[in-house]
Every structure is written in structure tokens, then in C-alpha cells.
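The lines below spell out each chain.
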Amino acid sequence: MMANSGQAVVDIDEAGGEAMRPPALPPVPYVLNFTDLSYSVKKGGGLLGCLPSRPSNRLASADAPPAAPAGNTKTLLDGISGEACAGELFAVMGASGSGKSTLVDALAGRIARESLHGSVTLNGEPLQGRRLRAISAYVMQDDLLYPMLTVRETLHFAAEFRLPRALSQEKKRARVDALIDQLGLTRAADTIIGDEGHRGVSGGERRRVSIGTDIIHDPILLFLDEPTSGLDSASAFMVVQVLRRIAQSGSVVIMTIHQPSARILGILDRLLLLSRGRTVYAGTPAGLKPFFAEFGAPIPDNENPAEFALDTIREYERQPDGAAALADFNAKWQNNGSSTDKDSKLMSTMPLELAIAESVSRGKLVAGSGSGSAVSGTVPTFANPPWTEVWVLIKRSFTNTARMPELFAMRLGTIMVTGFILATIFWRLDDTPKGVQERLGFFAMAMSTMFYVCADALPVFVQERHIYLRETAHNAYRRISYVLANAAVAFPPLVLLSLAFAVTTFWAVGLAGGASSFLFFVLIILASFWAGSGFVTFLSAVVPHVMLGYTVVVAILAYFLLFSGFFINRDRIPDYWIWFHYLSLVKYPYQAVLQNEFRDASRCFSRGIEMFDGTPVGRMSEAVKLKVLDAISKTLGSNMTASTCVTTGADVLVQQAVTDISKWKCLLVTVAWGFFFRALFYVVLLVGSKNKRK
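Reading the values: rules and limits
Residues numbered from 1 in each chain as written. Predicted model: local features only at pLDDT ≥ 70, side-chain atom pairs only at ≥ 80, totals over all residues. Heavy atoms only, no water. UniProt positions renumbered as here; feature names shortened; annotations may be inferred. Salt bridge = Lys/Arg side-chain N within 4 Å of Asp/Glu carboxyl O. Helix = DSSP H or I, 4+ residues; strand = E, 2+ residues; numbered from the N terminus. Buried < 20%, exposed > 50% of the residue type's maximum accessible area, 1.4 Å probe, protein only. Expected span 1.5 Å × (residues − 1). pLDDT = per-residue confidence, 0-100. Contact = heavy atoms within 4.5 Å. Pairing = 2+ DSSP bridges. Axes fitted to C-alpha atoms, helices over the stretch in contact; angles between N-to-C directions. Parallel < 35°, antiparallel > 145°, perpendicular 65-115°, else oblique. Nonpolar A, V, L, I, M, F, W, Y, C, P; charged D, E, K, R; others polar. Lys, Arg positive; Asp, Glu negative; His and termini not counted. Polar contact = N/O pair within 3.5 Å; in protein donor to acceptor, adjacent residues only side chain to side chain. Disulfide = S-S within 2.5 Å. Phe/Tyr/Trp six-rings, centres within 6.5 Å; stacked < 30°, edge-to-face > 60°. Core = buried A, V, L, I, M, F, W, Y, C linked by side-chain atoms within 4.5 Å. Domains from an automatic or database assignment.

As recorded in an unreviewed UniProt entry, the protein goes by the name ABC transporter G family member 5, listed as coming from Setaria italica. UniProt's Subcellular location (unreviewed entry) comment on the protein is quoted here verbatim: "Membrane". Listed in UniProt under the heading Function (unreviewed entry), the comment for the protein reads: "Essential transporter for growth and development under abiotic stress. Mediates shoot branching by promoting the outgrowth of lateral shoots. Required for salt tolerance via Na/K homeostasis, at least partly by regulating SKC1/OsHKT1;5. Necessary for hypodermal suberization of roots, which contributes to formation of the apoplastic barrier."

**Q** An account of the pattern of salt bridges is requested, with residue identities and associated values reported.
**A** For side chains bearing opposite charge, pairing can occur when the charged atoms are close. Following the criterion strictly, the structure yields 22 salt bridges and no others. Aspartate 311 is the salt-bridge partner of arginine 314, the closest N and O atoms lying 3.0 Å from each other. Highlighted residues: arginine 314 and aspartate 311, both in helix 9 (residues 305-317), separated by 3 residues, approximately one helical turn. Relative accessible area serves as the criterion here: at 23%, arginine 314 is assigned to the partly exposed category. With relative accessibility at 36%, the residue aspartate 311 sits in the partly exposed group. For the salt bridge of arginine 478 with glutamate 389, the shortest nitrogen-to-oxygen distance reads 2.7 Å. One end of the pair, arginine 478, is in the loop between helix 15 (458-473) and helix 16 (479-509); the other, glutamate 389, is in helix 12 (residues 386-402), with 89 residues separating them in the sequence. Owing to a relative accessible area of 22%, arginine 478 belongs among the partly exposed residues under this scheme. Here the residues in one salt-bridge network are Asp214, Arg396, Arg470 and Glu471, joined through shared partners.

**Q** Go over helix 5 (residues 203-214), please, and point to the residues and values.
**A** Taking 1.5 Å as the rise per residue, helix 5 with 12 residues should run 16 Å; its terminal C-alpha atoms sit 17 Å apart, in good agreement. Judged by how many residues are buried, helix 5 sits mostly within the fold: 10 of 12 residues are covered. Within helix 5, burial applies to Gly204, Arg206, Arg207, Arg208, Val209, Ser210, Ile211, Gly212, Thr213 and Asp214.

**Q** How would you sum up the confidence of the model for the protein? Please name residues and give values.
**A** When the pLDDT values of the protein are averaged, the result is 83; 87% of them are 70 or greater. Every residue in residues 368-377 is under pLDDT 50, and counting partners more than four places away or in other chains gives 18 contacts.

**Q** So, the sheet that holds strand 13 (residues 278-283): which residues are in play, and what are the values?
**A** Overall, mixed pairing links the 6 strands, which are arranged 9-10-11-6-12-13 in an open sheet. The two strands at the open ends of the sheet, each matched to only one other strand, are strand 9 (136-139) and strand 13. Here the average twist between neighbouring strands, direction ignored, is 15°. Alignment of strand 12 (residues 270-275) against strand 13, held across 5 bridges, turns out to be antiparallel. Across the sheet, the residue bridging to leucine 273 is tyrosine 281, located in strand 13. Contacting strand 6 (89-94), strand 12 and strand 13, helix 9 runs over the sheet at an angle of about 20° to strand 12.

**Q** Would you mind going over the packing of helix 17 (residues 514-542) against helix 20 (residues 587-598) in detail, with residue names and values included?
**A** Remark: helix 17 packs on helix 20, axes separated minimally by 10 Å, with the N-to-C direction vectors making an angle of 175°. Here helix 17 lies roughly antiparallel to helix 20, going by the angle between them. Between helix 17 and helix 20, the contacting residues are Ser517, Phe520, Phe521, Ile524 and Ser528 on the first element and Pro589, Ala592, Val593 and Asn596 on the second. Class assignment of the residues belonging to the contact of helix 17 with helix 20 gives a composition of 6 nonpolar, 3 polar and no charged.

**Q** Which residues make up the side chain of arginine 162, and what values go with them?
**A** Secondary-structure assignment places arginine 162 in helix 3 (residues 151-162). The charged side chain of arginine 162 is buried without a salt bridge, its nearest counter-charge being aspartate 214 at 5.3 Å. Looking at arginine 162, its side chain comes within polar contact range of the side chain of histidine 217, at 3.1 Å.

**Q** A description of the state of the cysteines should follow, citing residues and the corresponding values.
**A** Disulfide: a covalent bond connecting the sulfur atoms of a pair of cysteines. Enumeration over the complete set of coordinates arrives at 1 disulfide. Two residues, cysteine 604 and cysteine 645, share a disulfide whose sulfurs are 2.3 Å apart. The S-S bond linking cysteine 604 to cysteine 645 shows a torsion near 110°; that makes this disulfide right-handed. With a gap of 41 residues between them, cysteine 604 in strand 14 (residues 604-607) and cysteine 645 in strand 15 (residues 645-648) connect regions that are remote in the sequence. For cysteine 645, a relative accessible area of 33% translates into the label partly exposed.

**Q** Provide a residue-level description of the environment of aspartate 142, including the pertinent values.
**A** Checked against the element boundaries, aspartate 142 lands in the loop between strand 9 and helix 3. What makes aspartate 142 exposed here is its relative accessible area of 52%. Between the C-alpha atoms of aspartate 142 and isoleucine 467, which are 325 residues apart in sequence, the distance is 9.9 Å.

**Q** Report on the environment of isoleucine 254, specifying residues and quantitative values.
**A** Looking at the secondary structure, you find isoleucine 254 in strand 11 (residues 252-257). Measuring from C-alpha to C-alpha, the distance between isoleucine 254 and aspartate 225 comes to 8.8 Å, with 29 residues separating the pair along the chain.

**Q** Any details on the sheet that holds strand 8 (residues 125-126)? Residues and values, ideally.
**A** Note: strands within a sheet are paired through backbone hydrogen bonds, in either parallel or antiparallel orientation. Taken in spatial order, the 4 strands of this open sheet run 5-4-7-8, and their pairing is antiparallel. Two strands lie at the open edges of the sheet, namely strand 5 (73-85) and strand 8, each paired on one side alone. Bridging between strand 7 (residues 116-122) and strand 8 involves 2 bridges; their strand directions are antiparallel. By the bridge assignment, leucine 122 is partnered in strand 8 with glutamate 125. Relative to the sheet, helix 1 (residues 100-107) contacts strand 4 (31-42), strand 5 and strand 7, its axis offset from that of strand 4 by approximately 120°.

**Q** Break down the packing of aromatic side chains for me, with residues and values.
**A** Here the distance between the centres and the angle between the planes together describe a pair of aromatic rings. Overall, the coordinates contain 40 aromatic pairs when judged by the stated rule. Between phenylalanine 506 and phenylalanine 518, the ring centres sit 5.4 Å apart and the planes meet at 75°, which makes this aromatic pair edge-to-face. Placement of the pair is phenylalanine 506 in helix 16 and phenylalanine 518 in helix 17, with a sequence separation of 12 residues. Accessibility expressed as a relative area gives 15% for phenylalanine 518, which makes it buried. With a centroid separation of 5.1 Å and an interplanar angle of 65°, the aromatic rings of phenylalanine 598 and phenylalanine 605 are classed as edge-to-face.

**Q** Pulling in residues and values, what's your account of the nonpolar core?
**A** In terms of nonpolar packing, the biggest core is built from 125 residues, with Tyr30, Leu103, Ile254 and Phe521 touching the most fellow members. When residues of this core are assigned to domains, at least three fall in each of domain 1 (29-35 + 73-146 + 200-317) and domain 2 (404-458 + 496-601 + 648-690). Among the nonpolar cores identified, the runner-up in size contains 63 residues, and Met93, Leu185, Phe237 and Ala297 belong to it.

**Q** Quick rundown of the environment of aspartate 269? Include the residues and the values.
**A** By the element assignment, aspartate 269 lies in the loop between helix 7 (262-267) and strand 12. Separated by 17 residues in the primary sequence, aspartate 269 and alanine 286 have C-alpha atoms spaced 9.1 Å apart. Sequence-distant contacts of aspartate 269, defined by excluding residues within four places in its chain, comprise Gly87, Glu88, Leu89, Arg244, Thr284 and Pro285. In terms of polar contacts, aspartate 269 uses its side chain to reach the backbone amide nitrogen of leucine 89, at 2.6 Å.

In C-alpha cells form, the structure reads like this:
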């Protein structure tokens with residue numbers, strides 16, 4: 001495998017490790033050509049627009065269906081054509097709303113095939129979804145990284161995802177080291193990324209790390225959306241220098257940029273200026289001055305040509321026809337061959353399959369290196385098997401969270417405080433009718449608390465959503481691998497939380513049954529945590545914002561508690577609501593702990609005159625109660641005394657109507673709910689999370 005940096009090649013497959021040598025062969029020629037790209041969207045939007053999504057599998061073809069009627073649509077791209085070559089840094093410029101990001105999305109396959117008109121080809125062959133994702137990378141505008149990982153760790157985990165398992169760890173580390181050097185990150189290699197609460201790398205370094213995670217496999221096509229956005233002049237220049245070196249290593253690099261400085265403009269190879277979805281200039285940066293001079297708006301010698309061009313475009317956009325005059329002039333300029341771009345010679349290309357195979361043989365697309373499919377110009381959909389992906393995802397998540405112990409400490413503290421409050425309120429409950437009611441209240445509060453505490457899992461995927469979308473967009477790992485790893489990472493803390501709550505409350509409240517009952521109490525709490533975290537994880541994939549998610553979670557959990565059987569017994573719930581009782585997540589653990597506590601038929605909870613508690617007779621003297629009890633005994637023909645057991649544990653279960661399902665079945669159902677919601681989580685990721693314009 002080789003990683004190219006500038007004009008040098010780093011060969012990490014050689015026996016000697018890294019060996020620097022000049023390239024013996026000319027770079028593999030690639031030309032990305034796009035012709036008459038047009039794209040329109042319907043005006044207005046819907047709720048579905050708030051959900052993020054993954055890239056499309058296919059690009060548009062020339063036979064795409066006609067657009068919707070013009071009166072109800074807005075044109076974002078209007079007949080855009082051009083070409084980008086390997087070895088050149090291609091920049092798309094324009095004011096906000098000009099169509100820059102839309103064009104890059106179209107080239108990167110992030111627009112649905114049926115919506116995009118025109119064609120996009122690489123070396124004359126149309127790009128298909130699987131092949132496009134395998135040979136390309138897309139760097140988003142935001143720097144989406146795990147804050148507590150170092151630069152080296154971030155790139156190492158990217159290498160674990162994108163490089164094949166057959167490649168040794170030593171060679172993967174060599175690739176990471178070479179990339180760190182290529183990105184100019186040597187001094188920051190062991191610094192954490194950082195966030196608002198943790199000091200880390202600078203903005204420019206963060207941007208270069210973000211680029212590095214997507215080019216770890218040395219892709220042929222690299223798309224970047226505003227890579228210099230939010231950076232100071234020096235950092236922006238350094239980022240573009242890195243992109244220039246990547247292009248010179250044999251990649252096709254296409255980026256959007258808003259307003260480059262003169263220094264940045266000097267290292268760009270080709271420009272495409274857009275205005276309201278139309279091309280107003282296509283050529284080299286050096287061609288800007290003759291172009292605008294011939295147009296009749298010469299660029300002063302002391303002006304930044306890019307700034308002057310954008311200012312001129314903005315002035316025209318204030319007019320009713322916009323920059324139509326510039327777009328029409330550019331069309332004539334291109335047709336007349338006046339552009340200096342026409343003097344550049346066309347690169348000779350080879351068939352795409354042969355070109356990909358040649359690139360793989362030279363070290364590019366290391367995800368396909370060592371694969372027999374590389375010979376035919378194809379690469380594997382995924383670089384690693386599912387179990388490798390799951391293990392790497394687990395390691396990365398644990399590494400990131402282990403450096404933020406305060407998060408788990410807060411969860412543990414919440415559980416311990418809640419347990420302490422419940423234990424001191426329900427301290428040493430006795431075996432009386434009031435003790436029964438107090439036990440019911442304790443169990444209802446305890447089981448519902450397990451679910452409410454799980455709401456802290458909501459921000460996890462909401463915050464990771466864009467990292468997940470970026471990584472799965474180009475098949476870094478399978479969606480099922482992410483779901484399995486997410487569950488595996490979430491489970492160990494739940495065990496500790498369950499033990500902490502059970503130890504705090506079980507003996508303090510005076511629950512019965514000894515060690516076996518305690519073990520079941522721990523298991524049902526753990527199952528409740530498991531089901532609750534699964535439910536919240538599923539919701540986190542559906543709702544787009546944390547605050548909206550909290551509102552939904554609290555509301556639904558309140559409904560679950562209402563229909564759990566605590567406020568109204570199952571046999572008293574109206575038939576038209578009984579279905580919700582069986583859907584309630586709180587029902588099953590609540591019923592399980594009741595059976596665990598009251599299963600002993602020999603245990604008495606009401607004796608003799610205690611049966612009058614809560615009635616008018618209960619307010620009378622004990623002597624009167626004994627007389628009433630004696631009268632009842634004679635009437636019934638039985639011998640009832642003050643010590644006669646009136647209500648056993650089995651009677652309590654019947655009174656509460658919790659005998660329809662055994663406690664072990666309730667435990668299994670609760671566990672099954674956890675798996676069910678994680679299955680739904682996977683379905684939402686598979687179907688609903690598509691980063692694709694329609």
C-alpha cells in the first residue's frame with residue numbers, strides 16, 4: 001500500500017517499512033466530466049426535511065424524468081457543465097445561494113437520480129452508486145469529530161474502518177503517520193480534538209483532521225464543502241495547501257469556497273463561478289482578468305480578482321435578470337475559444353476499470369488492495385467484516401467516554417440520590433395493609449424512575465448523528481454494526497447502575513425473599529434500563545433536536561406509567577384502552593416486582609381487626625373492632641380472631657390484577673422490548689436517515 005504526499009510516494013508495503021522514492025510512473029489520468037446538470041426543487045418543505053439522510057446510490061442520467069412545472073419549482077442548477085482533472089485543485093465559487101454546495105452534492109452522488117438532469121462521468125463512464133462511494137470521499141462543512149480522541153487516535157480509528165483487516169497494524173500506523181505528516185499535524189498528533197469544555201487543537205488543525213478521516217484510504221475523488229469556512233487567513237491557506245498536495249498525489253479534488261484570499265487564489269488550478277445556478281465563469285484564476293476585461297469590467301491591478309469577480313456578480317444579481325449577461329458572455333467566451341483554458345491540452349485517459357485497477361496497484365484505494373476484485377476495477381463495498389467494525393466502534397466509543405468520567409458519575413449520582421430518597425421515605429415497610437399500599441407506591445416510583453433516567457441517552461445519537469452519516473455515506477461500516485456497537489457500549493454502565501440502585505433500596509425498604517429475590521430485583525431493574533435505553537435510542541433517531549426529544553420521552557413515559565396498572569388495575573381499564581396497557585413498558589417490570597414481593601402465599605399482610613383499616617370501623621376503639629370481628633365470625637360461621645390472617649401475598653396479587661403473566665415472563669418481555677426498539681433503531685437508520693436531496 002502506498003500513500004502519496006506531494007510528488008513523493010510513501011510505500012508501506014515494503015519490507016523495510018517506509019521508503020521514500022520518486023514516482024516511477026506518471027499519475028493515473030482521471031477526468032470527471034459533468035454536462036448540462038440541472039436540478040430544481042419544489043417550493044416549500046415538509047416535516048421530512050428535518051431528518052438527515054445518507055447519500056444516493058445513483059447519479060442522474062440523461063434520461064431523467066422531466067422536472068415539475070416551473071411555476072411551482074425553484075431552479076438550483078441550470079445547465080452546468082465542466083470538467084475536473086486529477087492533479088488539479090478545482091474550486092467552485094459564488095455568493096451564498098449561488099448553487100455551490102448543490103453542484104458538489106450532484107457530483108458526489110448526493111442528489112436522487114430521478115431529480116437530477118444531465119450526466120456525470122469519470123473517464124467517460126457513468127458513475128454508479130457503489131463504485132462512487134468506494135472511490136470517493138465527501139468532507140462536510142462542519143468538523144464532526146469525537147472531542148476526547150487525539151488527532152492520532154481519530155485517524156487511527158478511521159484507518160481501522162477504511163483499511164482492510166488483512167493489512168497489519170504496523171502498516172496501518174505507517175499510513176496514519178504518513179497522513180499526519182501530509183496534513184501538517186505532526187506537532188498536534190497527540191493532542192485531543194477538544195470541545196467547548198475541553199481545550200484541544202486549533203480550528204485549522206481540526207479542519208485538517210476532518211479531511212484526514214475521509215482521505216485515509218487515499219480516494220480518487222475528493223469533494224469538500226467550504227473547507228476554509230470559519231478559519232482565519234493563515235489556517236485557511238494551510239488547509240488549501242494540503243488540498244493542493246492531495247490533488248497532486250493523483251486525486252480529483254473539488255471544493256466549494258466562498259471568497260478566497262489572493263494567496264489561496266494563487267494555488268487554485270481551476271475555477272467555476274456560479275450565480276443563481278448558472279455558470280458565469282469557467283477557467284483558470286489567471287483567466288479572470290482577460291475575461292472581465294473583455295466583458296467590459298476590467299479588474300484593477302491592486303484588486304483581488306476573486307473578490308472583484310464576486311462583487312461584480314453581486315451587483316448584477318440585484319438587477320431583475322441577475323447575472324444573465326455574465327452567464328451569456330461566458331457561453332460565448334467558451335464557444336469562441338477565447339478562454340486561456342482552451343490552450344490546455346486534454347489529458348489522455350484510460351478506461352475506468354483499468355484506471356481503478358492501476359490506482360489500486362499503486363496504493364490508492366487501499367480498501368481494495370489485496371482483493372482479487374481490484375483487477376476488474378471494482379472494490380469491496382466494505383473494507384472489513386461486521387465483527388471487526390463492531391469491535392472498532394466499541395473501542396472508539398469507550399476511548400472517548402472513558403476520558404469523560406464525569407458523565408457516568410452524574411448518572412450514578414442521580415441513581416444513588418434517587419435510591420437514597422426512596423429508601424428513606426419507604427424505610428422498613430411493615431406487613432400491614434398500609435405497608436402493602438406503600439410497597440405499591442415504591443415499586444411504581446422505582447420502575448418508572450428507571451425509564452426516566454434513561455432519557456440521558458437521548459443526546460448521544462442526536463450529537464453523533466452527523467458523524468454517523470458522514471462515515472456511513474462512504475461505507476466506513478455497516479449500519480447494523482453501529483447498532484450492535486451502540487448497544488454493547490450502553491450495556492456495562494447499566495449493570496453498575498442496576499446494582500447501585502438495588503443495593504441502596506432493597507434491604508432499606510425491607511423487601512422480602514432474601515438473596516434470590518434480590519438477584520431478581522437486580523435483573524428486572526437491569527431489564528428496565530435496557531428497555532428504556534432502547535426506547536430512548538430509537539427516539540433519538542427519529543427526532544431531530546434534543547429538546548423535542550426530551551418532550552416526547554417525558555410525555556410517552558408518563559402514558560406508560562398511567563397504564564402500568566398502578567393507578568388503575570388491569571381489570572378496571574376500559575376495553576378500548578387495554579391495548580395501551582400491554583404496550584406500556586412500565587407494566588412488565590412493575591408486575592414482575594409485585595410478584596417477586598408478594599408471591600409467598602403464607603405471608604400475611606392483614607390480620608384480624610387490621611381488615612377495618614381505612615373504613616369507618618377503623619376509627620373506633622379496639623374493643624369495638626373486636627366485637628364487630630366477633631359478629632362477622634359468627635355470621636360466617638368461622639373462628640376469626642385478632643391474629644387470623646385475612647389477606648396473604650397471593651390475595652394482594654389478585655387484588656392488583658397482576659396474575660396474568662409470571663414474573664419471569666415479565667422479565668423476558670421487558671428484555672424483548674429492549675431488542676425490539678434497537679431493531680426499530682436499525683430500521684430508522686436504514687430507511688429514514690438518507691443524506692439525499694430529492
